[in-house]
Amino acid sequence: MSRLDSAVIGLGRSKLPFSMAEYKLLLEHSKDPTFRTLDGYKAKGGYTALTKALTMERSAIVDSVKAAGLRGRGGAGAPAFLKWGGMPKEKKTNHYLICNADEGEPGTFKDKELLENCPFLLIEGMTIGGFAVQGDVGYIYIRAEYMDGAKAVRNALDEAYAANLLGKDILGSGLNFDIEIHMGAGSYECGEETALMSSLMGERGMPRLKFPSAPFPVVSGVFEKPTLIHNVESYSNMPFIVNNGAEWFASLGASTKNSRGTKIFSVSGHVNKPGNYEVEFGTPLRELLELAGGIRGGKLKACIPGGSSVPVITAEDVDRAILGYEEMGEVKSMVGSGGCMFFNEHTDMVKLAWRSALFYANESCGKCTPCREGTRWMVQILERICRGDGRPGDVELLKQVASQIDGRSFCPLGDAAAWPVLAAIRVFPQEFEYFVEHGKSMVDSIPSLIGVP
Amino acid sequence: MSELITLSKSNQRPAQLRQEDLKLQFSERGVKELDALISHYPNKKACILPGLWLAQREYGGFLSGDAIAEVAFRLDRHFAEVEGVATFYSLYNAVHKPGKHKIEVCTCLCCHLNGAWNLRDHLVKKLGIRHGETTSDGMFTLEEVECLNTCDRAPAIQVGSNYYGPVNEQQMDELLDTLRKTEESTVVQYAADVVKVQLRKNEV
């Protein structure tokens, strides 16, 4: 099916030519304030997917998630089917759904826009999920900083309850499903799914043992019950998959190896028009930069394509990178959560590595030693270098510390702390060496842009 | 006596109160809201986070020992457990009493690149306080925070429930003036908002 044909049958999709490489599926109506109300949402074809889903077999919906090739949009990119298909078919106890709206990855703000402007997509997606995996209650775990998003979701939930789209006997189908909002309280670590479940259960937001040491969340998750946990963007894709069919969804991004659908990238840093841009998988990274109005304040130097946790890439790699989970591996980076930061030539990579390391040191939960001690050690070394007191061998030491964290921490936060530092040293080794040797940066930073911390 | 023991400082937080000594301060509305929040979860423990937000509102923005004790009492949990949760999360004011308005300056990657340090230095100079401190008149608390995830508006700051960005020094001064004139504490207002969004319309 060609792209234009598929657009015609899409959920309220316009038939206008596509502007640049943008492919607006989730964000199509994000600029329309009425889309936040139930009437406006229904006018754009909302809730047809739920009506359709309620007439389908539960297994058919789960199968369509597999056929669509939907992958989790939170950062790891695991096939969503593993979770949907792993939920017990026979219900013996309560089933829970969780929406992970604890977006904290530096550079990412896609969930913020989805919560604020398209709350019904999430609610409809979760309700479809609630039907498909026989859920009883869905929790939307929103980070407390996102008050605007939380308020929009609250209004949407209240409207949905009033219209019998949530609660008891939804649309006369016999489905009972509730959605509650649970606010976080300021912790990056709670974006990790097991830590989020700890936090939801009223504990410190520390991660729990994972498979194979412990069962998957779909077997024993929150409150030790089967739990389906997904990112906001993953749930928001569900209405489109149900409405248009899995084949249609799988045709998006067909040029890539194994990435299907669209992805929202939050473009920020030294670009002229920072913001959220939704593109089909398979789009070149360069086009994303063009969508964001190009680089400002100088030439492009580097890019972190998927949130601060993923390795940095050079300007040359930006030219050849293709946005796709496997394709980004060719430039030794990742799609991650889609927080795409572009840096101009005046960016000091050593200071950037220091700031990134400081973030992870601040947000490390303290549970495991490699992460708790390693992140602090990295900050100490980088701070020393940035002060101009770098010692010979510091770069080697930094590499050693980072590689000792990588793969040895309890949860992925440790890896996420190590990767950007290791990548910065791998990609820009001369900057680190210069800083250690001369006690100052080899980059002429623009003072108005970067003050000395 | 071992020197280790004499070296350690006594815990400055108030000790756990006995039940008969508790000074319960939750308003009638607060108790009702807590009951509604408890009904969202299969057990009372899960309500610790919402309970602490509620306490932060009821106790004027600061989770004192009394506030934590009251949450623990109302949720049938131990004081230490609730205190452990309260001190883990950065948005609970469990360690220092904040001023009337808490200014949270994001200094994470994108803001770092877009002048957040200049903005912070400006605030430090203007208010005469540093990270985590409160002005002597109890008006402002300054905090450097990690990513607020509004990188498209860098440098960004958060005051209460609101985000501002991109902020320059002049806009910052104007915001400070507006905040000085604001009667209500944005810290308390923030906690009230967080509690409110977790309750359904018919539960308020």
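Cut-offs applied
- Residues numbered from 1 in each chain as written.
- Chains lettered and ligands numbered in written order.
- Predicted model: local features only at pLDDT ≥ 70, side-chain atom pairs only at ≥ 80, totals over all residues.
- Heavy atoms only, no water.
- Contact = heavy atoms within 4.5 Å.
- Buried area = accessible area lost by both parts, 1.4 Å probe.
- Salt bridge = Lys/Arg side-chain N within 4 Å of Asp/Glu carboxyl O.
- Helix = DSSP H or I, 4+ residues; strand = E, 2+ residues; numbered from the N terminus.
- Nonpolar A, V, L, I, M, F, W, Y, C, P; charged D, E, K, R; others polar.
- Expected span 1.5 Å × (residues − 1).
- Buried < 20%, exposed > 50% of the residue type's maximum accessible area, 1.4 Å probe, protein only.
- Pairing = 2+ DSSP bridges.
- Axes fitted to C-alpha atoms, helices over the stretch in contact; angles between N-to-C directions.
- Core = buried A, V, L, I, M, F, W, Y, C linked by side-chain atoms within 4.5 Å.
- Phe/Tyr/Trp six-rings, centres within 6.5 Å; stacked < 30°, edge-to-face > 60°.
- 1 Å grid on protein atoms, 1.4 Å probe; cavity = no way out; pocket = protein on both sides within 12 Å on 5 of 7 lines; lining within 4 Å.
- Points joined across faces, edges and corners; volume = space filled by probe spheres on them.
- Parallel < 35°, antiparallel > 145°, perpendicular 65-115°, else oblique.
- Left-handed = near helix turned anticlockwise from the far one by under 90°.

S.K.: Please clarify how the interface of chain A and chain B should be interpreted in this entry.
M.R.: One frequently used descriptor of interface size is the decrease in accessible area upon assembly of the parts. Counting from both sides, the interface comprises 67 residues of chain A and, opposite them, 50 residues of chain B. When chain A packs against chain B, the two sides together hide about 4700 Å² of surface, and 58% of this comes from carbon and sulfur. The salt bridge involving Asp193 of chain B is made with Lys151 of chain A; its shortest N-O contact spans 3.5 Å. Secondary structure elements with two or more residues in the side of chain A that touches chain B: strand 2 (137-142), helix 8 (147-162), strand 4 (175-183), helix 9 (193-200), strand 6 (262-269), strand 10 (339-344) and helix 15 (349-363) of chain A. Sorting elements by how many residues they give to the side of chain A that touches chain B places helix 15 of chain A first, with nine residues. Tallied by class, the residues present in the side of chain A that touches chain B amount to 31 nonpolar, 20 polar and 16 charged.

S.K.: How should I be thinking about the pattern of salt bridges in this particular structure?
M.R.: Side chains carrying opposite charge are able to pair once their charged atoms draw close together. Residue and element names in this part refer to chain A. Enumeration over the complete set of coordinates arrives at 39 salt bridges over all chains. Of the charged contacts, one joins Glu113 and Lys31 as a salt bridge, the two residues approaching to 3.6 Å between their closest N and O atoms. Taken together, the residues Glu113 in helix 6 (residues 110-117) and Lys31 in the loop between helix 1 (3-8) and helix 2 (38-43) connect sequence positions 82 residues apart.

S.K.: Help me understand helix 16 (residues 369-387) of chain A in this model?
M.R.: Quick reminder: α-helices carry 3.6 residues per turn. Residues three or four places apart thus point the same way. All names here are of chain A. In this model, helix 16 (19 residues) spans 27 Å end to end at C-alpha, consistent with the 27 Å of a helix rising 1.5 Å per residue. Along helix 16, the residues classified as buried are Cys371, Gly374, Thr375, Met378, Val379, Ile381, Leu382, Arg384 and Ile385. In this structure, the buried side of helix 16 is in contact with helix 15, helix 17 (394-405), helix 18 (412-427) and helix 19 (429-438). Backbone geometry just downstream of helix 16 places Gly388 in the positive-phi region, at approximately 95°.

S.K.: I tried to follow the sheet that holds strand 4 (residues 162-164) of chain B on my own but got confused; where do I start?
M.R.: Hydrogen bonds between backbone atoms are what pair the strands of a sheet, whose relative direction is either parallel or antiparallel. All names here are of chain B. Read across the open sheet, the four strands follow the order 2-1-3-4; overall the sheet is mixed. This sheet does not close on itself; its edge strands, each paired only once, are strand 2 (140-145) and strand 4. Going across the sheet, the axis of each strand differs from the next one's by a mean of 25°, ignoring polarity. Here strand 3 (residues 157-159) runs beside strand 4; their pairing, made up of three bridges, is antiparallel. Residue Val159 lies in a different strand from strand 4, and its bridge partner there is Asn162.

S.K.: Sorry, what's going on with the nonpolar core here?
M.R.: Across soluble globular proteins, you tend to see nonpolar side chains buried next to one another. Trp84, Ile142 and Met183 of chain A together with Leu52 and Trp53 of chain B are the most contacted members of the largest nonpolar core, which has 179 residues in total. The greatest single-element share of this core, amounting to 10 residues, is contributed by helix 15 of chain A. Once residues lying within four places of it in the same chain are set aside, the contact partners of Met183 of chain A are Ile142, Arg143, Ala144, Met147 and Ala150 of chain A together with Leu49, Trp53, Val194, Val197 and Gln198 of chain B. Counting 24 residues, the second largest nonpolar core, distinct from the first, contains Tyr277, Leu288, Ala292 and Cys340 of chain A.

S.K.: Help me out: how do you make sense of the pairing of strand 7 (residues 275-280) of chain A in this one?
M.R.: Along a regular strand, successive side chains alternate from one face of the sheet to the other. Residue and element names in this part refer to chain A. Burial of strand 7 is extensive: six of the six residues sit out of reach of the surface. As paired strands, strand 6 and strand 7 are joined by six bridges and run antiparallel to one another. Along strand 7, the bridge assignment pairs Lys263 with Val279. Linking strand 6 to strand 7, which pair antiparallel, is a turn of five residues.

S.K.: Would you mind showing me how to read the packing of aromatic side chains here?
M.R.: Here the distance between the centres and the angle between the planes together describe a pair of aromatic rings. Evaluated as defined, the whole model comprises 19 aromatic pairs over all chains. Measuring from centroid to centroid gives 6.2 Å for Tyr47 of chain A and Phe120 of chain A, while their planes differ by 75°, and the two rings are edge-to-face. Here Tyr47 of chain A, found in the loop between helix 2 and helix 3 (48-55), pairs with Phe120 of chain A, found in helix 7 (residues 119-132); they are 73 residues apart in sequence, far enough to count as distant. For Phe120 of chain A, a relative accessible area of 0% puts it in the buried group. Judged by centre distance (5.0 Å) and plane angle (75°), the ring pair of Phe88 of chain B and Tyr89 of chain B falls under edge-to-face. According to the relative accessible area criterion, Tyr89 of chain B is buried, its value standing at 2%.

S.K.: Would you mind going over the layout of surface pockets with me for this structure?
M.R.: Picture a little ball the size of a water molecule; that probe, rolled over the atoms, points out where space is still empty. Considered as a void within the structure, the second largest pocket measures approximately 1000 Å³ in volume. Ser90, His131, Glu143, Glu144 and Val145 of chain B are, among the 46 residues lining the second largest pocket, the residues nearest its centre. Of all elements in the fold, only helix 15 of chain A together with helix 5 (79-88), strand 1 (101-106), helix 7 (116-127) and strand 2 of chain B reach the threshold of two or more residues within the lining of the second largest pocket. Counting residues per element, the lining of the second largest pocket draws most heavily on helix 15 of chain A, at six residues.

S.K.: Teacher, can you tell me more about the packing of helix 3 (residues 48-58) of chain B against helix 4 (residues 65-74) of chain B here?
M.R.: Relative orientation and spacing of two packed helices are given, respectively, by the angle between their axes and the distance between those axes. Residues and elements named next belong to chain B. Close contact between helix 3 and helix 4 brings their axes to 10 Å; oriented N to C, the two are set at 140°. Taken together, the axis directions place helix 3 and helix 4 in an arrangement best described as oblique. Considering how the two elements wind past one another, helix 3 and helix 4 form a crossing that is right-handed. Residues Gly51, Leu52 and Ala55 of helix 3 form the contact with helix 4, whose participating residues are Ala67, Ile68 and Val71. When grouped by side-chain class, the residues that make up the contact of helix 3 with helix 4 number five nonpolar, one polar and no charged.

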